[in-house]
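Structure assessment
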There are 2 protein chains.
Amino acid sequence: MKNIAIMGYGTIGSGVAEVLERNKEVIAKKAGDMVGVKYVLDLREFPGDPMEDKIVHDFSIIEKDPEVSMVIETMGGLNPAYPFVKASLKAGKHVATSNKALVAAYGTELLEIAREHHVNFFFEASVGGGIPIIRPIYTSLAGEEIEEITGILNGTTNFILTKMAKAGESFESALREAQALGYAERNPEADVEGHDTCRKIAILTAMATGHEVSYEHIYTEGITRITDVDFRYAEAMGTSVKLFGSSRIQGGNVHAFVAPVMIGKDHPLYSVDDVYNGILVKGNMLGTSMFYGSGAGKLPTASAVVADIVEALKAFDHHVEMGWDRENLTISPIDSFSFRCFVRVKGIAEKRIKEVEEVFGKVDVVELDHMDEFAVLTKAMTEEEYRLKAKQLPGIRQRIRAEFETV
Amino acid sequence: MKNIAIMGYGTIGSGVAEVLERNKEVIAKKAGDMVGVKYVLDLREFPGDPMEDKIVHDFSIIEKDPEVSMVIETMGGLNPAYPFVKASLKAGKHVATSNKALVAAYGTELLEIAREHHVNFFFEASVGGGIPIIRPIYTSLAGEEIEEITGILNGTTNFILTKMAKAGESFESALREAQALGYAERNPEADVEGHDTCRKIAILTAMATGHEVSYEHIYTEGITRITDVDFRYAEAMGTSVKLFGSSRIQGGNVHAFVAPVMIGKDHPLYSVDDVYNGILVKGNMLGTSMFYGSGAGKLPTASAVVADIVEALKAFDHHVEMGWDRENLTISPIDSFSFRCFVRVKGIAEKRIKEVEEVFGKVDVVELDHMDEFAVLTKAMTEEEYRLKAKQLPGIRQRIRAEFETV
């Protein structure tokens, strides 16, 4: 029997206990031994819960118990998750976490401590919920130079954008619906402003390059400025708007950003709807792969944690080399990155098109009925170019970065 | 430096040499050592090729050289691949293969020999080309009871079906095009009759259940009876027809089949087109995941082989427990499995619908203009039920299994 401790008995933590119980036979077979929960650390009591007897309030009980082989961190936040995880690794215990904030902020240090103490620090569940992505990057794609990772990494914003696209809802109304269904928090900022996606793409970029990524260096723009009018144009064009976290790696140059992007039907992420996540990975030999699944949710996320538990416990004395080193990756400024632009302009296309093309060059025009505006789709230009040009054109109401060949 | 030998210098074998050379730095970093090709076994000579000096014609040179840590089998077929792989494992060398026929026929024995000799027998490239699927099943999904694996596993047939769907081509003309492009062989039977898909779903089913699967027990039907007329109905209904290899695992009961299936737009595999592959995996905790990518091709497949090389060489003395045991899995007969059925019937719907519904119960009717026939979509029924009922209805021209809720 291998004993683990779960820190934080919320949604994910209780999900881990549930998966371990419901699938205990297959897990024992894969891990080579039964896996039992010895302690659950939480401030609360859980009378009547199957874990009732295992609840402890003092981390040092876990830290000092040599029978605890592995600690599962599902508390979220940085404090006390960070000191507790650090102490667990130093005590020679494997750690698995679902906490993207922790991994994005302290991953480098925690990976180093794990290496020094010959244990594992795993975080499959921190990105893409139940979608296998961290492990495929360091195993299945081990022979690849990764050139691009682009993901729909946040289920809440993808639900909101899907509602806006399919039901014509406004951002505010779609957000309220997401909150009513429990998909969005009362304070939705971390999701809708792109901060959650930013931490996830930072972790994926560090995995892909092998170097530390400071998430603060990644240009991040959320979805709060996307409107139902944008989606009326998108529908007319057969396109959609998705919140991307993306890294493009070319010749030592890394561009990374979080922003809404307009894509066409032929994009592999086009049909990733609702709370689902999708992650596209482009390798120099492999071409494009795509991973799709439940990006959040109690049991899918818990299942990813359990995969980490099995990997750590089956090769008990084996440190799995993965992650990244201390060298901080330079992220190129977004100013030098190129996109096509979807731009909505006040006025009548017929009257203003000459003026628009004098600024942006040849564009494709999209008009809707009964509007006092029109939209154009420019050729690709750098962010800097766009900013300079846009200043010369009065009446721009919206600009969304676009990635597709033809309308 | 770790030395490997490549057996078979065809498309995949030369691809492996190319990936090892082009990505040598990232591979050395991940494997913890440089990886060099010491021998290439082939009957032919390759004057002017970078591997020219490494060509050998005698397997025993590889077998007897203690410097060769790992053997890559990319010859295809069973003979001499089978005896050579067996001898390599017995000589204490790791083996990776891209050969699905070998794995489907002799996987059980080769996995046992690998275990006994504490080496690894890996075969990521045997299913789904470059798509990571074998490894995710035994690592990322280690905590799951897998309930379903359904895949578009053969690029050739998917290319043909895509041409038929998008360009209205007949089967014969789409097949000729696939042959002209080199996607289909002169003798296309293994692809179009579903034999290739059958071996792949057998391997995936064995991975998912941990037990040996005899591919001969899997009901297998190819795409040769699918016509352009079927696709005209599919277009009218907003559906498509794909060749599925599928296993459904429920309470110890395993149904497996290879057959064309009509699916709707909401199916995760609906938009897997051309030579791409897609594999859907349903776990009891995880829900549905989908893996998408290049199912064939020189470099993507070689990249999957290189991932096996890195995993074997980085944990050099470490046997990775994976695969299946000797217990032969009972595959339930397809007769007891249920599908909805798309059925084309001779005559005029208005006149014959009463007769059709007396046989099949309530159906949805689909009519095209200027046809001497119509189609219906039945409720779900077992294969056996369908067969018995179909006998009572004269003039059935086609039946395609269907999996979708509404038309």
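Residues numbered from 1 in each chain as written. Chains lettered and ligands numbered in written order. Predicted model: local features only at pLDDT ≥ 70, side-chain atom pairs only at ≥ 80, totals over all residues. Heavy atoms only, no water.

**Some words on the interface of chain B and chain A**
In this assembly, 44 residues from chain B lie in contact with 44 residues from chain A. Contact between chain B and chain A buries roughly 3600 Å² in total, counting both sides, with carbon and sulfur atoms accounting for 54%. Three residues stand out in chain B for area buried against chain A, namely S140(B), M285(B) and Y292(B), and they jointly supply 17% of the buried area on that side. Counting the contacts that link chain B with chain A gives eight residue pairs in polar contact (both at pLDDT 80 or more). Among the elements of the structure, α1 (11–22), α2 (24–31), α6 (134–138), β13 (287–294) and α12 (298–314) of chain B are those that each provide at least two residues to the side of chain B that touches chain A. Split by residue class, the side of chain B that touches chain A holds 21 nonpolar, 16 polar and seven charged. Note that strand β13 (residues 287–294) of chain A and β13(B) share three bridges and pair antiparallel. Pairing of M290(A) across the sheet is with Y292(B), part of β13(B). (Contact = heavy atoms within 4.5 Å. Buried area = accessible area lost by both parts, 1.4 Å probe. Polar contact = N/O pair within 3.5 Å; in protein donor to acceptor, adjacent residues only side chain to side chain. Helix = DSSP H or I, 4+ residues; strand = E, 2+ residues; numbered from the N terminus. Nonpolar A, V, L, I, M, F, W, Y, C, P; charged D, E, K, R; others polar. Pairing = 2+ DSSP bridges.)

**Re the UniProt feature "domain: Homoserine dehydrogenase catalytic" (unreviewed entry) in chain A**
Per the UniProt record, "domain: Homoserine dehydrogenase catalytic" (unreviewed entry) is found at residues 132–310 of chain A. Across residues 132–310 of chain A one finds 39% helix and 28% strand; the C-alpha atoms that close the span lie 14 Å apart. (UniProt positions renumbered as here; feature names shortened; annotations may be inferred.)

**What to know about the sheet that holds strand β4 (residues 68–73) of chain A**
Residues and elements named next belong to chain A. In spatial order, the strands read β3-β2-β1-β4-β5-β6; together these six strands make up an open sheet with parallel pairing. Single-partner strands in this sheet number two, and they are β3 (55–56) and β6 (121–122). Its contacts with the sheet put helix α12 (residues 298–314) on β1 (2–7), β2 (35–41), β4, β5 (94–97) and β6, and the angle it makes with β4 is roughly 155°. (Axes fitted to C-alpha atoms, helices over the stretch in contact; angles between N-to-C directions.)

**A few points about the side chain of T378(B)**
Residues and elements named next belong to chain B. As for its position among the elements, T378 is in the loop between β18 (373–377) and β19 (381–382). On the accessibility criterion, T378 (0% relative accessible area) is buried. Residue contacts for T378: discarding those within four places in its chain leaves R340, C341, V343, F360 and V363. (Buried < 20%, exposed > 50% of the residue type's maximum accessible area, 1.4 Å probe, protein only.)

**Overview of the sheet that holds strand β1 (residues 2–7) of chain B**
All names here are of chain B. With parallel pairing, the six strands of this open sheet are ordered in space as β3-β2-β1-β4-β5-β6. Sheet topology places β3 (55–56) and β6 (121–122) at the edges, where each strand pairs with a single neighbour. In terms of strand pairing, strand β2 (residues 35–41) meets β3 through two bridges, oriented parallel. Paired with L41 across the strands is V56, a residue of β3. Where α1 meets the sheet, it contacts β1, β2 and β4 (68–73), and its direction lies at approximately 155° from that of β1.

**Here we look at the domain arrangement of chain A**
Residue and element names in this part refer to chain A. By the assigned domains, chain A splits into domain 1 (2–129 + 298–325), domain 2 (135–294) and domain 3 (336–403). A separation of 24 Å is found between the C-alpha centroids of domain 2 and domain 3. Taken together, the two surfaces of domain 2 and domain 3 that pack against each other cover about 1800 Å², and 60% of this comes from carbon and sulfur. Broken down residue by residue, the surface that domain 2 buries against domain 3 is led by Y233, H255 and M262, which jointly contribute 36%. In this assembly, domain 2 and domain 3 are joined by three salt bridges. Note that E403 is salt-bridged to R248, the shortest N-O span being 3.0 Å. Where the side of domain 2 that touches domain 3 is concerned, the elements lending two or more residues are α11 (228–237), β10 (239–250) and β11 (253–264). Taken together, the residues of the side of domain 2 that touches domain 3 break down into 14 nonpolar, three polar and five charged. (Domains from an automatic or database assignment. Salt bridge = Lys/Arg side-chain N within 4 Å of Asp/Glu carboxyl O.)

**Some words on helix α4 (residues 81–90) of chain A**
One turn of an α-helix holds 3.6 residues; hence residues three or four places apart share an orientation. All names here are of chain A. Within α4 the residues assigned to the buried category are A81, Y82, V85, A87, S88 and L89. Close packing links the buried residues of α4 with β1, α3 (59–64), β4, β5, α5 (100–116) and β6. Downstream of α4 by a residue or two, G92 has a phi angle that is positive, lying close to 80°.

**Some details on unusual backbone geometry**
Residues and elements named next belong to chain A. For the bond running from N79 to P80, omega is 15°, close enough to zero to count as cis. With respect to the helices, strands and loops of the structure, P80 is situated in the loop between β4 and α4. A positive phi angle, close to 55°, is found at H370, a residue other than glycine. By the secondary structure assignment, H370 is in the loop between β17 (364–366) and β18 (373–377).

**What about the packing of aromatic side chains?**
The final tally for this structure, using the stated rule, is 25 aromatic pairs over all chains. Ring centres 4.2 Å apart and planes at 5° place the aromatic pair F59(A) and F84(A) in the stacked group. A residue pair is termed long-range when its members are at least 10 positions apart, and F59(A) in helix α3 and F84(A) in helix α4 qualify at 25 residues. Judged by relative accessible area, F59(A) falls into the buried class, the value being 8%. Each member of the aromatic cluster is reached from another via a ring pair, and the members are F121(A), F123(A) and W324(A). Here R340(A) stacks its cationic end above the ring of F404(A), 5.8 Å away from the centre of that ring. The ring of Y386(B) is capped by R399(B), whose NZ or CZ atom sits 4.3 Å from the centre of that ring. (Phe/Tyr/Trp six-rings, centres within 6.5 Å; stacked < 30°, edge-to-face > 60°. Lys NZ or Arg CZ within 6 Å of the ring centre and 35° of its normal.)

**Some points on the relation of the copies chain B and chain A**
When chain B is fitted to chain A, the residual RMSD is 0.0 Å, and the transformation amounts to a turn of 180° plus an axial shift of 0.0 Å. Accordingly, the operation relating the two chain copies is best matched by a two-fold axis. For chain B, the smallest separation between a C-alpha atom and the rotation axis is recorded for F291(B), amounting to 2.4 Å. Both copies present the same face, since 100% of the interface residues in chain B are matched by interface residues at the equivalent positions in chain A. (Least-squares fit on C-alpha atoms with pLDDT ≥ 70 in both.)

**Let's talk about the packing of α1(B) against α12(B)**
Residues and elements named next belong to chain B. Between α1 and α12, the shortest axis-to-axis distance is 8 Å and the interhelical angle comes to 65°. Overall, the two elements α1 and α12 adopt an arrangement that is roughly perpendicular. The hand of the α1/α12 crossing is right-handed. Across from T11, I12, S14, G15, V16, E18, V19, L20 and R22 in α1, the residues of α12 making contact are K298, L299, T301, A302, S303, V305, V306 and I309. (Parallel < 35°, antiparallel > 145°, perpendicular 65-115°, else oblique. Left-handed = near helix turned anticlockwise from the far one by under 90°.)

**A word on the environment of G77(B)**
Tracing the sequence through the fold places G77(B) in the loop between β4 and α4 (81–90). As for G77(B) and T108(B), which are separated by 31 residues in sequence, their C-alpha atoms are 17 Å apart.

**Concerning the pairing of strand β7 (residues 146–152) of chain A**
The side chains of a regular strand alternate, first on one face of the sheet and then on the other. Residue and element names in this part refer to chain A. The element β7 is extensively covered by neighbouring structure, given that six of its seven residues are classed as buried. Note: β7 against strand β12 (residues 276–283), six bridges, orientation antiparallel. By the bridge assignment, I149 is partnered in β12 with V281. Relative to β10, β7 runs antiparallel, the two being bridged by four bridges. Bridging from a neighbouring strand, T150 pairs with S246 of β10.

**Here we look at the pattern of salt bridges**
Counted according to the given criterion, the structure contains 66 salt bridges over all chains. Here K2(B) and D33(B) are joined by a salt bridge, their closest N and O atoms 3.4 Å apart. Residue K2(B) is found in strand β1, and its partner D33(B) is found in the loop between α2 and β2; the two are separated by 31 residues along the sequence. Between R44(B) and D42(B) there is a salt bridge, with its nearest N and O atoms 2.9 Å apart. On the accessibility criterion, D42(B) (11% relative accessible area) is buried. Overlapping salt bridges bring together D230(A), R344(A), D372(A), E373(A) and R397(A) as one network.

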